[in-house]
Amino acid sequence: MSQSAPLPLVESLLDVPLPASGIAWLDAARHENRAAFAAAGLPDTRVEAWKYTALRALGQRRFTHGDDGAALRAVAASTFALPGVDGPRLVFVNGVFRADLSALDALPAGLTLQPLSQALHDDPEPLRFVLSRPALIGDAREVGDAFTRINAASAADGVMLRVAAGVKVAAPVQLVFVGAAADVELAWHLRNVIELGEGADLSLIEQHVSDAEPAQLATVVSDIELHEGAQLHHAVVQNVAIATSLIRRSSVRLHARAHAMLHALELGGALVRHDLRAELVGDGACFDTRGVFMPHGRQHIDTQLAIRHQALNTRSTSTWRGVANDRARGVFRGAIVVAPGADGSDASLSNKNLLLSPGAEIDTKPELEIYADEVKAAHGATVGQLDERSLFYLRSRGIPLAEARALLTAAFCRAVLDDLPNEALREHLSGLLVAQLPA
Amino acid sequence: MSMLIIENLHARVEGKEILKGLSLSVNAGEVHAIMGPNGAGKSTLGNVLSGRDGYEVTSGSVTYDGIDLLALEPEARAAAGVFLAFQYPVEIPGVNNTYFLRAAFNAQRKARGEKEFDSMQFLKLVREKLKVMQISDELLHRAVNEGFSGGEKKRNEIFQMAVLEPQLAILDETDSGLDIDALKHVADGVNALRSPDRAFLMITHYQRLLDYVVPDFVHVLADGRIVESGDKSLALKLEEHGYAGLGEGAAA
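Here the structure is a predicted model, which is why all the values come from computation and not from measurement.

**Student:** I'd like to hear about the environment of alanine 153 of chain A, residue by residue, with values.
**Tutor:** Residue and element names in this part refer to chain A. Relative to the helices and strands, alanine 153 resides in helix α6 (residues 146-154). For the pair alanine 153 and proline 17, spaced 136 residues apart in sequence, the C-alpha separation works out to 9.9 Å. Dropping the residues within four chain positions of it, alanine 153 is found in contact with Leu18, Arg30, Asn33, Arg34 and Phe37.

**Student:** Describe helix α8 (residues 401-414) of chain A, naming the residues involved and giving the relevant values.
**Tutor:** Compared with an ideal rise of 1.5 Å per residue, which puts 14 residues at 20 Å, α8 of chain A spans 20 Å between its outermost C-alpha atoms and is within 8% of the ideal. Every buried residue belonging to α8 of chain A is among Ala404, Leu407, Leu408, Thr409, Phe412 and Cys413 of chain A, and all of these are buried.

**Student:** Account for the interface of chain A and chain B, with residues named and values stated.
**Tutor:** Contact residues are listed per partner, giving 18 residues for chain A and 21 residues for chain B. For the side of chain A that touches chain B, the secondary structure elements donating two or more residues are α7 (388-396) and α8 of chain A.

**Student:** A description of the sheet that holds strand β18 (residues 346-355) of chain A should follow, citing residues and the corresponding values.
**Tutor:** Residues and elements named next belong to chain A. Here 10 strands make up an open sheet; going across it, the order is β3-β2-β6-β8-β10-β12-β14-β16-β18-β20 and the pairing mixed. Both edges of this open sheet fall to β3 (96-97) and β20 (376-384), since each of them pairs with a single strand only. Across nine bridges, strand β8 (residues 201-210) lies against strand β10 (residues 231-239) in parallel orientation. Residue pairing across strands places valine 209 opposite asparagine 239, the latter belonging to β10. Sitting on the sheet, α8 is in contact with β14 (286-293), β16 (315-324) and β18, with an inclination near 160° to β16. Docked against the sheet, helix α9 (residues 423-436) engages β10, β12 (259-266) and β14, running at close to 30° with respect to β10.

**Student:** Which residues make up the environment of arginine 128 of chain A, and what are the values?
**Tutor:** All names here are of chain A. Looking at where arginine 128 falls in the secondary structure, it is placed in helix α5 (residues 128-136). Of the residues examined, arginine 128 has 14 C-beta atoms within 10 Å and is grouped as partly exposed. For the pair arginine 128 and threonine 244, spaced 116 residues apart in the sequence, the C-alpha separation amounts to 31 Å.

**Student:** If you had to explain the confidence of the model for chain A to someone new, which residues and values would you point to?
**Tutor:** For chain A, per-residue confidence averages 93 on the pLDDT scale, and residues scoring 70 or more make up 96% of the total. A low-confidence stretch, residues 135-141 of chain A stays under pLDDT 50, and its non-local contacts, those more than four residues away or across chains, total eight contacts.

**Student:** Talk me through the sheet that holds strand β11 (residues 217-222) of chain B; I want residue IDs and the actual numbers.
**Tutor:** All names here are of chain B. What the six strands build is an open sheet, ordered β6-β9-β10-β3-β11-β12; its pairing is mixed. With partners counted over all chains shown, the strands left at the sheet margins are β6 (82-85) and β12 (225-230), one partner each. For this sheet, the mean inter-axis angle between neighbouring strands, taken without regard to orientation, is 20°. Relative to strand β10 (residues 199-204), strand β9 (residues 168-172) runs parallel, the two being bridged by five bridges. What sits directly across from isoleucine 170, in β10, is leucine 201.

**Student:** Explain the nonpolar core to me, and be specific about the residues and the numbers.
**Tutor:** Within the largest apolar cluster, 193 residues are counted, with the highest numbers of intra-cluster contacts made by Leu254 of chain A together with Ala85, Ile170 and Met202 of chain B. The contact partners of alanine 85 of chain B, leaving out residues within four places of it in the chain, are Glu157, Ile158, Met161, Ala169, Ile170, Leu171, Asp172 and Thr174 of chain B.

**Student:** Break down the pairing of β14 of chain A for me, citing the residues and quoting the values.
**Tutor:** If a strand is regular, its side chains alternate between the two faces of the sheet. Residue and element names in this part refer to chain A. Within β14, six of the eight residues are buried, which leaves the element mostly enclosed by the surrounding structure. As paired elements, β12 and β14 share eight bridges and run parallel to each other. Its bridge partner lying in β14, glutamate 266 is registered against phenylalanine 293. As paired elements, β14 and β16 share eight bridges and run parallel to each other. Residue pairing for β16: cysteine 286 is matched across the bridge by arginine 315.

**Student:** Mind laying out unusual backbone geometry, listing which residues take part and the relevant values?
**Tutor:** Negative phi is the rule for most residues except glycine; trans is the rule for most peptide bonds. Residue and element names in this part refer to chain A. Between glutamate 213 and the following residue, proline 214, the backbone shows a cis peptide bond with an omega angle of -15°. Among the structural elements, proline 214 can be located in the loop between β8 and β9 (216-226). Positive phi, close to 55°, is recorded for arginine 257, a residue that is not glycine. Mapped onto the elements, arginine 257 comes out in the loop between β11 (244-254) and β12. Overall, the presence of 20 C-beta atoms within 10 Å leaves arginine 257 in the buried class. The backbone phi angle of aspartate 326 is positive, close to 55°, even though this residue is not glycine. Positionally, aspartate 326 belongs in the loop between β16 and β17 (329-338). In this structure aspartate 326 comes out as partly exposed when scored by C-beta crowding, with 15 C-beta atoms within 10 Å.

Calculation criteria
Residues numbered from 1 in each chain as written. Chains lettered and ligands numbered in written order. Predicted model: local features only at pLDDT ≥ 70, side-chain atom pairs only at ≥ 80, totals over all residues. Helix = DSSP H or I, 4+ residues; strand = E, 2+ residues; numbered from the N terminus. Contact = placed C-beta atoms within 7 Å. Expected span 1.5 Å × (residues − 1). Buried ≥ 20, exposed ≤ 12 C-beta atoms within 10 Å, placed from the backbone. Pairing = 2+ DSSP bridges. Axes fitted to C-alpha atoms, helices over the stretch in contact; angles between N-to-C directions. pLDDT = per-residue confidence, 0-100. Core = buried A, V, L, I, M, F, W, Y, C linked by C-beta atoms within 7 Å.

Encoded structure:
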């Protein structure tokens, strides 16, 4: 896509020296990605994947790259404390690893958890494939991937998490990404690599939080690979401040009989985008997602789910709820492809949405493409309002209107948390949902 | 003074006049049955009294405990002691029955300036009521009316009434769609709640329920008005002769 003059955002993101790793292939990949980003610029709404998420306003902003003071920013432990969660923890503040806030002592055997920069320093070769890959994304179909490119070019750090084959990690691992107030409007980038060996078992909690002011732009790109029979429970709590824009991309690759279960709460942010992609490449792989997005005010929250069934008897279930209030906008796209040869696959997707005010908008687009035989597939999406009959029923029993609305909305959302196994966490997340509801 | 005084009530639904000058007085301790053919305005009466949207009162008045009932929001009517047992109870997935009932119970107490119950106190109350209503506590753990049979839904309405202890209970065709056993259970529940302080308005199409809950008064509602009132023998007369010939427009 050609642009007459580079947008201020593109200029400001390019106006930084690339991190120098001293690793030839990595530096090359960074240069390539940077060049690709400079050439393509930002996608506009003519690009299908960005049809409902306009980057016009964000494109006019300028952000300062990196935070020299990140190591000293005060971050209260309560920012990321979760009930029933007291295990290994890796914390980044404004894109910078904070050993003082992390909990990496006495990691259980078989769990590697460290900053990516450390892993690259110790032994870069195992990371070569995954970190070089974004550079390969260059064809026209991926023109929407501007943020993945600038992330690949500029991210100097991130999470490196590896669970050895056969290891079951008992305590949940916490990954915390904090945007802390600085003097300027910051941009920062993180790159995460997560790998579960054969038969490994991990419970992971990913948290995104930020201070109210000033505005920030963050990109977080994660690669998650589950080898044969690995099990991952992954909970994402995105609750950044209203001035923070957060662009994430998570790519999950599942080998034979691997099972990933994701629960996502998308609550905060100015412009929030999450591209969640899963490839079920091994027979019997299973990918389940449950999520809620709840924009209010002028928030814009966009979730793009893309699942590819590429092997026999794979299964995916996707249950997402959207609730938009005020003049907020929610976007959901659930694209499922059952590739040729993925016979016996089972894919279901449901996205139900609630509009709580006349100025709110939700755009939802389920897509299903099936090229295999004996496939079970079901998908559906709805956009509606609270049921008047239910509201009256509650009021007729004495529950005031506002409380009745909150009760029904919470019930509508809570369904996605039903099968979250950690009860304390489930209660906490349920509380976050209720707190987000209009009073 | 009567607990409930309805005077010359006119009400419209979607622009169509349904109630056309209905008058009725109910005293504490009394059970009134409102009978009538389909389309007479029976359910409209229940909905107007409980404050459902879409029911427009064009003239007349409803005085409850000396106050203008029609000026109150539905939740305020509930807090004032008015309860409607729905003809078609609503299923509310995701809202636990006990949680819902406690929210309602406490909202009413709060509105009346009374202290709210904590979950232990409330559970104790619920257990007592379950015993009286002969309802299994399995019902408490389910979502409100979700997947309930017709009979379970109606019994759940009566159970809610038992917990909320209204002054004025309006039962809107609570007997419809029930087999004889379920009907008896519902009737037993209602009878257990009869008291000198409480009044009932039982809206029904059939005389059947009145065999089990014996009313003090029976009124025939036809074409939006009470066309005849009497004691329980009137219900038997209706059973025998039908609604035809009672009041003008009764056959409509």
